[in-house]
Amino acid sequence: MKTKKKAGVSLRRFMPYLLRYKKEMIASVILGIFSGLTTVLMTYYIGKSVDTMIDDGAVDFTILMQLLGLLAGILVITVVSQWLIQRLGNRVSYLSVAELRKDAFAHLNRLPLNYYDQTAHGDIVSRFTNDMDNISVACSAVFNQLFSGAAVVVIAFFFMLKLSPLLTAVVLVATPIIFLANWLVAKSSQKNFTAQQKIVGEISGFISEMVGNQKIVKAFQQEQVSQERFEAFNQQLYVQGQKAQFSSSLTNPLSRFIDHLSYLSIGLVGGLLLLSGNQAITIGIISSFTIYSSQFSKPFIEISGITTQIQTALVGLDRTFEIISQTEEQPDGVHALVLENAKGKVEFNHVDFAYVPSKPLITDFNLTAFPGETIAIVGKTGAGKSTLVNLLMRFYEVDKGYITIDDHRITQIARDSLRKSFGMVLQDTWLFDSTIRDNLTYGNPQATDAEIEAAMKKAYIYDFVTRLPQGLDTLIGASGIKISEGQRQLMTIARTMISNPPMLILDEATSSVDTLTEKKIQDAFLQMMEGRTSFVIAHRLSTIKSADKILVMDQGAVVEIGSHKELINKKDGYYHALYEAQFKNQTV
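Residues numbered from 1 in each chain as written. Predicted model: local features only at pLDDT ≥ 70, side-chain atom pairs only at ≥ 80, totals over all residues. Heavy atoms only, no water.

A.B. asks: In this structure, what is going on with the sheet that holds strand β4 (residues 400–405)? I would like to understand it.
C.D. replies: Within a sheet, adjacent strands bond to each other through the backbone by hydrogen bonds, running parallel or antiparallel. As summarised here, the arrangement of the four strands in space is β2-β1-β4-β5, forming an open sheet in which the pairing is antiparallel. Every interior strand has two partners, whereas the edge strands, β2 (362–369) and β5 (408–409), have only one. Where strand β1 (residues 346–353) lies against β4, five bridges are found, and the strand directions are antiparallel. The residue bridging Glu 347 from the neighbouring strand is Thr 404, located in β4. Its contacts with the sheet place helix α12 (residues 385–392) against β1, β2 and β4, and it is angled at close to 110 degrees to β1. (Pairing = 2+ DSSP bridges. Helix = DSSP H or I, 4+ residues; strand = E, 2+ residues; numbered from the N terminus. Contact = heavy atoms within 4.5 Å. Axes fitted to C-alpha atoms, helices over the stretch in contact; angles between N-to-C directions.)

Printed below as a string of structure tokens:
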């Protein structure tokens, strides 16, 4: 019951997308009525053609030829009408789903980061591909049959009533039975389709994860484990899909069986009436009625034939609107401050934060970074280092306390201008399938060739890029050349240099490069960091000796703060222990 109610709500929410194409829908209604009328007329004149037989067995060819010519004309009109309905139906279906996909993606961009952290990425992709494709296909199928089918039912009913009320009653008895059978089967199978699409999303997420991390799978010889997990998912989909398909597939044969019983009943009742001498019944009328019976029930049977598509589409609508129903990031206030030319004074004031309320991560955190200072953040894994970055960028909101930039609370600053004020180089590199130029200028599309060249030289990728066949216009990624992880990281560093932000966040920014290159990049970073407030998250302590302040974090709290020299002299301190662990055999 809950699933059915949910599907109804999703269907109502989808209606405005369809109604954006009112002209096409009105044209489809008119053409549907016209097509229904010509279809019924064709049947009517088929009966008339049969009745042109004369008592002695001769045929009135003059009238017959006129009727056949009329039938040919009606047939052409019907075919053209159906073709136009199909074109219009496809247009409405695919354009409305395109609008839905656009709105869903726009909403996705407005969701907070925790949605992505808590939802499998493959499942999100599945909603934009499998689910929305199912909506398009089902919507098109319904559209192509709905209006002309409804017109055929209504017009055929009046024609049948005119020809024989008794035979009409025989046809009408079967119709509600067909409808009832379809409704009962659809009701019982809807939850199976919901479960099926959920598993499809899980499989998409699993495959996405395995493909993206295939090197890790092979390095740890986990191919067999990966295969077994996939087969388990696949078996679940097989079992659930079989249940859904089997229950849904009952509708069409049940509908046809009932329709055939109706067909036989018309022949039996019509034949008995004809034998009894009923003057209102002719062979032509019985011939027409056998066709009318089929035409009257055909729309119901066709709908039952696409029940599987309809139910899959309804589940797809539910899953799509689940995304659109997710709570967006709190919008910026009307008077939100646009941060321009930030000086770089950053303060954390008694900040508390937890990803899970029952597990506090950062408690009563305080820090002041003055303009131009380099703040290094070190600590064990899980100490809360990267969480500070998430809070500073407002990827997550603090639970208690506040953060300021240039004495303005970040909650009062427009998010776009806040995030634009920071350049980020993360441990996880990200480049998209496009040219090297597009990737390097991602944060500053207006960058000149001179600025790009200077950044590439500082990041030590200039020689590499100039040796490529198309230079900056060389494609990289799935559709272009493959580059190493170290080269990818160098490119992200160059990208940040080109964006030229007033503040920097460096999270293990040189973790994938060799020691010699790392030393060169450190020199480039020192140039870039000069005059900019910079936050450096590092595991290799050799990279942060020159930092103005080093924060040592443990379980979300700052346990030590000071310069490298000050902290290293605390023989029983956290920093000293960390440093000793890395450089046990080296002199300080």
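A.B. asks: When you look at a nonpolar patch on the surface in this model, what are you seeing that I'm missing?
C.D. replies: Taken together, the side chains of Val 76, Val 80, Trp 83 and Leu 84 define a hydrophobic patch exposed on the protein surface, amounting to about 350 Å² of accessible area. Position of Trp 83 among the secondary structure elements: in helix α3 (residues 61–109). (Patch = residues over 30% accessible without salt bridge, like charges linked within 9 Å, V, L, I, M, F, W, Y side chains within 5 Å. Areas by Shrake-Rupley, 256 points an atom, 1.4 Å probe, with all protein chains shown as cover. Salt bridge = Lys/Arg side-chain N within 4 Å of Asp/Glu carboxyl O.)

A.B. asks: What's the story with the packing of aromatic side chains in this structure? I'm lost.
C.D. replies: The way to describe two aromatic rings as a pair is by their centre distance and the angle between their planes. Scanning the model with the defined rule gives eight aromatic pairs in all. Their ring planes at 25 degrees and their centres at 6.1 Å tell us that Phe 14 and Tyr 17 sit as a pair that is stacked. Of this pair, Phe 14 and Tyr 17 are both found in helix α1 (residues 2–19), three residues apart, which corresponds to roughly one turn of the helix. With respect to burial, Phe 14 and Tyr 17 carry one shared label: buried. Pairwise contacts between aromatic rings join Phe 353, Tyr 355 and Tyr 396 into one cluster. The ring of Tyr 402 carries the charged tip of Arg 409 above its face, separated from the ring centre by 3.7 Å. (Phe/Tyr/Trp six-rings, centres within 6.5 Å; stacked < 30°, edge-to-face > 60°. Buried < 20%, exposed > 50% of the residue type's maximum accessible area, 1.4 Å probe, protein only. Lys NZ or Arg CZ within 6 Å of the ring centre and 35° of its normal.)

A.B. asks: What am I meant to see in the sheet that holds strand β7 (residues 503–507) here?
C.D. replies: Spatial strand order, β6-β7-β8-β3-β9-β10: six strands in an open sheet with mixed pairing. Edge strands, defined here as strands with exactly one partner in the open sheet, are β6 (422–425) and β10 (557–562). Across the sheet, the mean angle separating the axes of adjacent strands is 20 degrees when strand polarity is ignored. Alignment of β7 against strand β8 (residues 533–537), held across five bridges, turns out to be parallel. Across the sheet, residue Leu 506 finds its bridge partner in β8, namely Val 536. Across the sheet, helix α17 (residues 485–499) lies against β6 and β7, angled at about 175 degrees from β6, the strand it touches most. Sheet strands in contact with helix α20 (residues 574–582) are β3 (374–379), β9 (549–554) and β10, and its direction is about 90 degrees off that of β9.

A.B. asks: I tried to follow the nonpolar core on my own but got confused; where do I start?
C.D. replies: Most often, soluble globular proteins have nonpolar side chains that are buried together. Core analysis: the largest hydrophobic core is formed by 41 residues, its most contacted members being Ile 436, Leu 440, Ile 461, Met 491, Ile 544, Ile 550 and Tyr 575. Here this core gets six residues from one element, more than from any other, and that element is α17. In this view, Ile 544 contacts Ala 376, Val 378, Val 536, Ala 538, Ile 550 and Tyr 575; residues no more than four positions away in its chain are not counted. Core analysis: the second largest hydrophobic core is formed by 31 residues, Ala 369, Phe 422, Met 503 and Ile 537 among them. (Core = buried A, V, L, I, M, F, W, Y, C linked by side-chain atoms within 4.5 Å.)

A.B. asks: So what exactly am I meant to see when it comes to the pairing of β8 here?
C.D. replies: When a strand is regular, its side chains alternate between the sheet's two faces. Of all the five residues making up β8, five are buried; the element is thus mostly covered by neighbouring parts of the structure. Burial along β8 is two-sided: the residues Thr 533, Phe 535 and Ile 537 and Ser 534 and Val 536 are all buried. Where β3 and β8 come together, four bridges link them in parallel fashion. Looking at β8, one finds that Ala 376 is bridged to Val 536.

A.B. asks: Whenever I open this one, the pattern of salt bridges confuses me. Can you help?
C.D. replies: Side chains carrying opposite charge are able to pair once their charged atoms draw close together. Considering all chains together, one arrives at 21 salt bridges under this definition. Ionic pairing is found between Asp 133 and Arg 101, a salt bridge with its closest N-O pair at 3.6 Å. Residue Asp 133 is located in helix α5 (residues 121–163), and its partner Arg 101 is located in helix α3; the two are separated by 32 residues in the primary sequence. Its salt-bridge partner being Glu 322, residue Arg 127 comes within 2.9 Å of it at the nearest N-O pair. Here Arg 127, found in helix α5, pairs with Glu 322, found in helix α11 (residues 307–324); they are 195 residues apart in sequence, far enough to count as distant.

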